[in-house]
Amino acid sequence: MRLSRRAHILLRIAVGVGLAFIYVPLIVIGIYAFNASSVIRWPPSGLTVDWFGRAVEDELAREALLTSLKAGLVATAIALVLGTLASLAVARHRFFGRETISFLVILPIALPGIVTGVAISNTFTQVLGVDLSLLTVIVGHATFCIVVVYNNAIARLRRVSSSFEEASADLGAHTWQTFRFVTFPSLRSALVAGGLLAFALSFDEIIVTTFTIGAGEETLPIWIFRNLFRPNQLPIVNVVAVLVVLVSIVPVYLAHRLTREEGGTAAARGGTVEAEATAVP
Amino acid sequence: MSRRLASFFNGRPRLQAGALLAGPIGWLVIGYLGSLAVLLIAAFWTVDPLSGEVIQGFSLENFETLFDEPVYRDIVGRTVLIAAAVTLTDAVLAFPVAFYMAKLASRRGKAILVVAVLLPLWSSYLVKVYAWRTMLSADGVLNWALEPFGLHGPGFGETAVWLVMSYLWLPYMVLPIYAGLERIPDSLISASEDLGASPLTTFRRVILPLVFPAVVAGSIFTFSLTLGDYITPRLVSNTQFIGNAVFNNIVNNLPFASALALVPIVVMVAYLLVARRLGAFEHV
Amino acid sequence: MLLLAGCGGDNDSGGEELTELGKGEGQVNLISWAGYVEPEWSKPFEKKTGCKVNNKVAGTSDEMVQLMRSGQYDGVSASGNATARLVDGGDVDPVNVDLVPNYKTIFDDLKDQPYNTFDGVHYGIPHGRGANLLMWNSDDVSPAPTSWDVMLDPEVASKYKGKISAYDDPIYIADAAVYLKTHQPDLGIEDPYELNEEQFEAAVNLLKEQQPLVGEYWSDAAKQISAFAGGDSTVGTTWQYQYFALQEEGEPVAASPASQGFLPKEGATGWSDTWMLSSEAAHPNCMYMWMDWIVEPKVNAQVAEYFGEAPAQSLSCDETAEADFCAKYHADNPGFWKRVYYWQTPLADCGNGSSNCKDYNDWVQAWTSIKG
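Residues numbered from 1 in each chain as written. Chains lettered and ligands numbered in written order. Predicted model: local features only at pLDDT ≥ 70, side-chain atom pairs only at ≥ 80, totals over all residues. Heavy atoms only, no water.

Asks: Sorry, what's going on with the overall build of chain C here?
Replies: If you tally the helices and strands in chain C, you get 15 helices and 15 strands. Computed over its C-alpha atoms, the radius of gyration of chain C comes to 20 Å, within 12% of the 21 Å expected for a compact globule of 372 residues. Considering only residue pairs separated by 6 or more positions, chain C has 73% of its internal contacts joining residues 24 or more positions apart. For chain C, the accessible surface area stands at approximately 13,100 Å², while carbon and sulfur atoms represent 47% of it. The averaged location of the 57 negative side-chain charges in chain C is 4 Å from the averaged location of its 24 positive side-chain charges. (Helix = DSSP H or I, 4+ residues; strand = E, 2+ residues; numbered from the N terminus. Rg over C-alpha atoms; globule rule 2.2 N^0.38 Å. Contact = heavy atoms within 4.5 Å. Areas by Shrake-Rupley, 256 points an atom, 1.4 Å probe, with all protein chains shown as cover. Lys, Arg positive; Asp, Glu negative; His and termini not counted. Charge placed at Lys NZ, Arg CZ, Asp CG, Glu CD.)

Here it is as structure tokens:
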């Protein structure tokens, strides 16, 4: 698109402002991770790297991190399976109520977290008489992670013509072989992207988790919430937050690279995986 | 074994669809919708004031309270208004960034920007809100930065909630708009320009209508996330949002909390239906 | 007794008292107020009994009740505005005080109270008691207040508009009632937790007038600490826990604690907390051991001095690091506590013959309206 020089400059400024808006608070968090005193004051009274050591040593923080990882991986796995199944059904078949599936799948994410959390918690404790535990947390997370995987998968399936699958069938492959050798490879990168986003959602989720977690367990967000206001722990919390962001640069970038290359045909048709990631079905 | 199963399903597409759907439907319909239904039925029950036991008789008492007490109208109105304000703000802020990413950035620039926009999603929601709390506090960064100009930060309150929520959900708006813009073939834009349209006209007549469904798709997230949040209002303000009211009543009066929870559900379902009409659900 | 007669519902407290203490189960899950369960005395407990302590800090009685109802905890340090609800809801079991040897030497005016004894049955072990404090930033607030009017009188309070810190819980309505008891005696308020229509409305209206002046309604102790430290709050109602924490950080705070010999002239609300046993406790033996431990003379002295409240254990007065701690905190002075209105659960039964008082549900609804 041809834009005048002035428009170009204005646009760049707007982008700069947008990015600055996004990153200033993160930079503040980063600064406070080095805050010498545990009281939050601006400007900080001094800088130190002590908190990084303390954070790594903090046993409860490590446990919480592990719990979050466990919950995230299992929830993502469940979401991958269920989301893929649902998307295959909707993209490749016609049946009654097909349109409502898309609507249904987005509900857990569109409705307020507190509603989802209380509803699921209520069902477990009152209706089923089951104790709250990491399992119930996983169920809650998987429920809203499904939509992310579903979105990605179905966007990709709609993009990739079904003629490949028909050809495969014509050549004598049965359903499972077709899926394994034709459908799945073209779906793979979309699932990676969906899985990553689902994991990110689960990893940072606090509201549904608050209502579905048992007494003795803590996910990372719950640990953060508990320590957020305690003056001696706050810097450690900031450190943990900074570390998580830094560590996640790698998978995010990798996902982008992977999917850009693989989704070759898809990209040519004017879309990338990020596009699929946030499409509403 | 898989061969047998596969040939079984081969000639029976409906059955295949059914088998594929069994898992997801079971989970979502029976599990999730069922839980919602149980919760919402409770909206028609009442509670014994002392023991807190739920009395399962049918009653419209909760809804009467919702309609009669002016405070609940205030709370709902406030929440919806701020949700709308946040959505608009994010659409405005996100568009330039998304446009630049989709149409003007080099391949490398695109990669960097995508990572840059996605990265904050990986930092903890709580830590971000708390960072804003410290930034907005009386001795915080904002006041410190504005003081030389004789200005003053907004402090805690509804403005703060609007500001923080716009901040939190911005990536959720950038990505769909970016996706929507990417889908617009460059050839379409070139054609419009070749036909003599100014960039502004091209934007208004060609780009905007095509990207609008994507904006609506993004707005679903910004609107619903604002509608249900209770942590941000608690941390950066004194005001009560729908989420706060629900949260405060869960202990003593679950039926009333359920009735309150019905409000955002109804609002969101309506919003989703409108969004579907506007094409947000059709992307390919 | 009065409380249960008032509710009129069927009183199926169901639970039976333990008659014999068995072996510890290896852990105990507690819900407590901030500062009640600290490593200083929980670690020695773990060593002695082998019961690992898992503690969840709650900010309000409502939170505590909710957590107890989940059945996932063994015990809770409940205030009076939770105890009656827990008993009537069947969430707690009677406590056999014979299994708690240190109970014998607890101050007499803490035993058999309406907030821990129901129908003559003991439901818990006293932890300690205190009055809610009026705290202010001595740099920003002058002259030093001696009355709650600095928060509740619209004229006086408007000086500190936007910097007032009030407790975020319906029970705060009682603070308004305590204020009105002195300043509007015509209303005839006797018990700030049992208010008839007229008295209740007056209290609610007073708080509605306060609302625009309030900077923050706090429910998390640490959140209030950060607000005072950051300059967002300069005067408010608080607990000793926050006051000491802020002093330690060098903040210029002053307060009207019992230890300074006076309360604001109207008196104050306060609390007398009780450790209660969950009816679904998975580790009841460890819980009994905890209840006995927390009122051991040395431990209760530590507890009281750490938090800044009056100990429940009379023998603790000889164990406190500060020699005259008990005297300062009026631990052995029942007369002082007459001006402190312990948190109670508001009930329809006014306790004086009439049954038209506002119950807790009314308080909760009103609180939402007050905050707006």
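Asks: How should the sheet that holds strand 12 (residues 253-255) of chain C be read in this particular structure?
Replies: The strands that make up a sheet are held in pairs by hydrogen bonds between backbone atoms, and each pair lies either parallel or antiparallel. All names here are of chain C. Pairing within the open sheet is mixed, and its 5 strands lie in the order 10-9-11-8-12. Looking at which strands have only one partner, the edges of the open sheet turn out to be strand 10 (214-218) and strand 12. Across this sheet, the average inter-strand angle for adjacent strands is 25°, counted without regard to direction. Its contacts with the sheet place helix 10 (residues 240-248) against strand 8 (133-137), strand 10, strand 11 (235-238) and strand 12, and it is angled at close to 150° to strand 12. (Pairing = 2+ DSSP bridges. Axes fitted to C-alpha atoms, helices over the stretch in contact; angles between N-to-C directions.)

Asks: For this particular structure, what's the right way to read the state of the cysteines?
Replies: Any covalent bond linking the sulfur atoms of two cysteines counts as a disulfide. Residue and element names in this part refer to chain C. All told, the structure shown has 3 disulfides over all chains when counted by the stated rule. A disulfide bridge connects cysteine 51 with cysteine 286, and the sulfur atoms are separated by 2.0 Å. Taking the torsion about the sulfur-sulfur bond, which here is approximately -80°, the covalent link between cysteine 51 and cysteine 286 counts as left-handed. Taken as a pair, cysteine 51 in the loop between helix 2 (39-49) and strand 2 (52-57) and cysteine 286 in helix 11 (residues 284-294) lie far apart in primary sequence, 235 residues in all. Under the relative-accessibility criterion, cysteine 51 is labelled buried at 0%. Between the sulfur of cysteine 317 and that of cysteine 326 lies a disulfide, 1.9 Å long from S to S. Here the S-S torsion is close to -85°, and the disulfide linking cysteine 317 with cysteine 326 is therefore left-handed. Assigning the bonded cysteines of chain C consecutive numbers by sequence position, one obtains the connectivity 1-2, 3-4, 5-6. (Disulfide = S-S within 2.5 Å. Buried < 20%, exposed > 50% of the residue type's maximum accessible area, 1.4 Å probe, protein only.)

Asks: Even after reading the chapter, I still don't get the interface of chain C and chain B, so can you show me in this structure?
Replies: One widely used convention gives an interface's size as the accessible area the parts lose upon coming together. Across the contact, 32 residues belong to chain C and 27 residues belong to chain B. When the two sides are added together, the surface that chain C and chain B hide from each other amounts to roughly 2,500 Å², 43% of it contributed by carbon and sulfur. The interface formed by chain C and chain B contains 1 salt bridge. A salt bridge links arginine 133 of chain B to glutamate 216 of chain C; the shortest N-O distance between them is 3.1 Å. In this assembly, chain C and chain B are joined by 12 residue pairs in polar contact (both at pLDDT 80 or more). Those elements that provide at least two residues to the side of chain C that touches chain B are helix 3 (61-69), helix 4 (80-88), strand 10, helix 9 (221-229) and helix 15 (360-371) of chain C. Residue contributions to the side of chain C that touches chain B peak at 7 residues, all from helix 15 of chain C. (Buried area = accessible area lost by both parts, 1.4 Å probe. Salt bridge = Lys/Arg side-chain N within 4 Å of Asp/Glu carboxyl O. Polar contact = N/O pair within 3.5 Å; in protein donor to acceptor, adjacent residues only side chain to side chain.)

Asks: Is there a simple way to think about helix 8 (residues 197-210) of chain C in this case?
Replies: Working note: α-helix, 3.6 residues per turn, so residues spaced by three or four point in the same direction. Residue and element names in this part refer to chain C. In a regular helix each residue adds 1.5 Å, so 14 residues correspond to 20 Å; helix 8 covers 20 Å between its end C-alpha atoms and thus fits that length. If you check which residues of helix 8 are buried, you get Gln199, Phe200, Ala202, Ala203, Val204, Leu206, Leu207 and Gln210. Contacts from the buried residues of helix 8 go to helix 5 (149-152), strand 9 (164-167), helix 7 (173-183), strand 10 and helix 15. (Expected span 1.5 Å × (residues − 1).)

Asks: Would you take a moment to explain the interface of chain B and chain A for this structure?
Replies: Taken together, the contacts link 96 residues of chain B with 98 residues of chain A. A combined buried area of about 9,200 Å² lies between chain B and chain A, and 78% of that area is made up of carbon and sulfur atoms. Three residues, Trp27, Tyr32 and Trp122 of chain B, lead the burial of chain B against chain A; their summed loss comes to 10% of the area buried on that side. Taken together, chain B and chain A are joined by 0 salt bridges. In this structure, the connection of chain B to chain A is made through 8 residue pairs in polar contact (both at pLDDT 80 or more). Looking at which element gives the most residues to the side of chain B that touches chain A, the answer is helix 2 (residues 13-41) of chain B, with 18 residues.

Asks: I tried to follow unusual backbone geometry on my own but got confused; where do I start?
Replies: Excluding glycine, most residues fall at negative phi; most peptide bonds, likewise, are trans. All names here are of chain C. A cis amide bond, omega 0°, links serine 142 with the succeeding residue proline 143. Relative to the elements of secondary structure, proline 143 occurs in the loop between strand 8 and helix 5. You will see that aspartate 112, though not glycine, has its phi angle at about 55°, which is positive. Here aspartate 112 is to be found in the loop between strand 4 (92-93) and strand 5 (117-118). Under the relative-accessibility criterion, aspartate 112 is labelled partly exposed at 49%. Not every positive phi belongs to a glycine, and aspartate 119 is a case in point at roughly 60°. Looking at where aspartate 119 falls in the secondary structure, it is placed in the loop between strand 5 and strand 6 (121-122).

Asks: Mind showing me how you'd approach the side chain of lysine 103 of chain B here?
Replies: Here lysine 103 of chain B lies in helix 4 (residues 70-104). Within the local environment of lysine 103 of chain B, its side chain forms a polar contact with the side chain of aspartate 186 of chain B, the two groups lying 3.0 Å apart.

Asks: Help me out: how do you make sense of the nonpolar core in this one?
Replies: Nonpolar side chains tend toward joint burial in soluble globular proteins. Ranked by internal contacts, the top residues of the largest apolar core, which has 174 residues, are Ile114 and Trp223 of chain A together with Ile177 and Leu181 of chain B. Excluding anything up to four places from it in sequence, tryptophan 223 of chain A contacts Asp58, Leu60, Ala61, Ala64, Glu218, Gln233, Ile236, Val237 and Val240 of chain A. One finds Tyr103, Ala157, Ala177 and Phe307 of chain C within the second-largest nonpolar core, a separate group that totals 115 residues. (Core = buried A, V, L, I, M, F, W, Y, C linked by side-chain atoms within 4.5 Å.)

Asks: Looking at this structure, I do not really get the pairing of strand 3 (residues 75-78) of chain C. What am I missing?
Replies: Moving residue by residue along a regular strand, the side chains alternate between the two faces of the sheet. Residues and elements named next belong to chain C. Side chains of strand 3 alternate between two faces, with Gly75 and Ser77 and Val76 and Ala78 buried alike. In the sheet, strand 1 (residues 27-32) pairs with strand 3 via 2 bridges, with the strands oriented parallel. Counted as the bridge partner of isoleucine 31 is valine 76 from strand 3. Pairing geometry for strand 3 and strand 13 (residues 268-278), over 4 bridges, is antiparallel. Counted as the bridge partner of alanine 78 is threonine 274 from strand 13.

Asks: Honestly, the confidence of the model for chain C in this entry has me stumped. Any pointers?
Replies: Detailed reading of the predicted coordinates is not advisable wherever pLDDT falls low. Residue and element names in this part refer to chain C. Residues of chain C with pLDDT of at least 70 account for 94%, and the chain-wide mean is 88. Mean pLDDT across the secondary structure elements of chain C bottoms out at helix 1 (residues 2-7), with 30, and peaks at strand 3, with 96. For residues 1-13, every residue scores under 50 in pLDDT, and the model assigns this stretch 15 contacts once sequence neighbours within four places are set aside. Two numbers describe this predicted complex: its pTM, 0.84, and its ipTM, 0.81. (pLDDT = per-residue confidence, 0-100.)

Asks: Teacher, can you tell me more about the environment of glutamine 113 of chain C here?
Replies: All names here are of chain C. Checked against the element boundaries, glutamine 113 lands in the loop between strand 4 and strand 5. Residues glutamine 113 and arginine 85 lie 28 residues apart in sequence; the distance between their C-alpha atoms is 15 Å. One polar contact links the side chain of glutamine 113 to the main-chain carbonyl oxygen of aspartate 109, over a distance of 3.2 Å.

Asks: Where do I start with the packing of helix 4 of chain B against helix 5 (residues 107-118) of chain B in this structure?
Replies: Between two packed helices, the angle of one axis relative to the other and the distance separating the axes together describe the packing. Residues and elements named next belong to chain B. Interaxial distance between helix 4 and helix 5 falls to 9 Å at its minimum, and their mutual angle equals 145°. Here helix 4 and helix 5 pass one another in a crossing that is left-handed. Taking contact as the criterion, the partners of Val97, Tyr100, Met101 and Ala102 in helix 4 are, on helix 5, Lys110, Leu113, Val114 and Val117. Here the residues of the contact of helix 4 with helix 5 sort into 7 nonpolar, no polar and 1 charged. (Left-handed = near helix turned anticlockwise from the far one by under 90°. Nonpolar A, V, L, I, M, F, W, Y, C, P; charged D, E, K, R; others polar.)

Asks: Is there a simple way to explain the confidence of the model for chain B in this structure?
Replies: Confidence in the prediction of chain B, expressed as mean pLDDT, is 86, and 96% of residues score 70 or more. Mean pLDDT across the elements of chain B ranges from a minimum in helix 1 (residues 2-10) of chain B, with 71, to a maximum in helix 4 of chain B, with 93.

Asks: What should I look at first to understand the packing of aromatic side chains in this one?
Replies: Here a ring pair, both rings aromatic, is described through the centre-centre distance and the interplanar angle of the planes. Following the criterion strictly, the structure yields 40 aromatic pairs over all chains and no others. Each ring, one from phenylalanine 223 of chain B and one from tyrosine 271 of chain B, has its centre 4.6 Å from the other, and the planes form 20°; the classification is stacked. Separated by 48 residues along the polypeptide, phenylalanine 223 of chain B in helix 10 (residues 199-228) and tyrosine 271 of chain B in helix 13 (residues 254-277) bring together distant segments of the chain. Aromatic side chains phenylalanine 118 of chain C and tyrosine 123 of chain C sit 5.7 Å apart centroid to centroid with 75° between the ring planes, which places their arrangement in the edge-to-face category. Take phenylalanine 118 of chain C: its relative accessible area is 2%, and that puts it in the buried class. Taken together, the aromatic side chains of Trp33, Tyr167, Trp218, Trp239 and Trp343 of chain C make up a single cluster linked through ring pairs. Lying over the aromatic face of tyrosine 103 of chain C, lysine 111 of chain C brings its terminal NZ or CZ to 5.2 Å of the ring centre. For the cation-ring pair, lysine 371 of chain C lies above tyrosine 217 of chain C, with the distance from its terminal atom to the ring centre recorded as 5.9 Å. (Phe/Tyr/Trp six-rings, centres within 6.5 Å; stacked < 30°, edge-to-face > 60°. Lys NZ or Arg CZ within 6 Å of the ring centre and 35° of its normal.)

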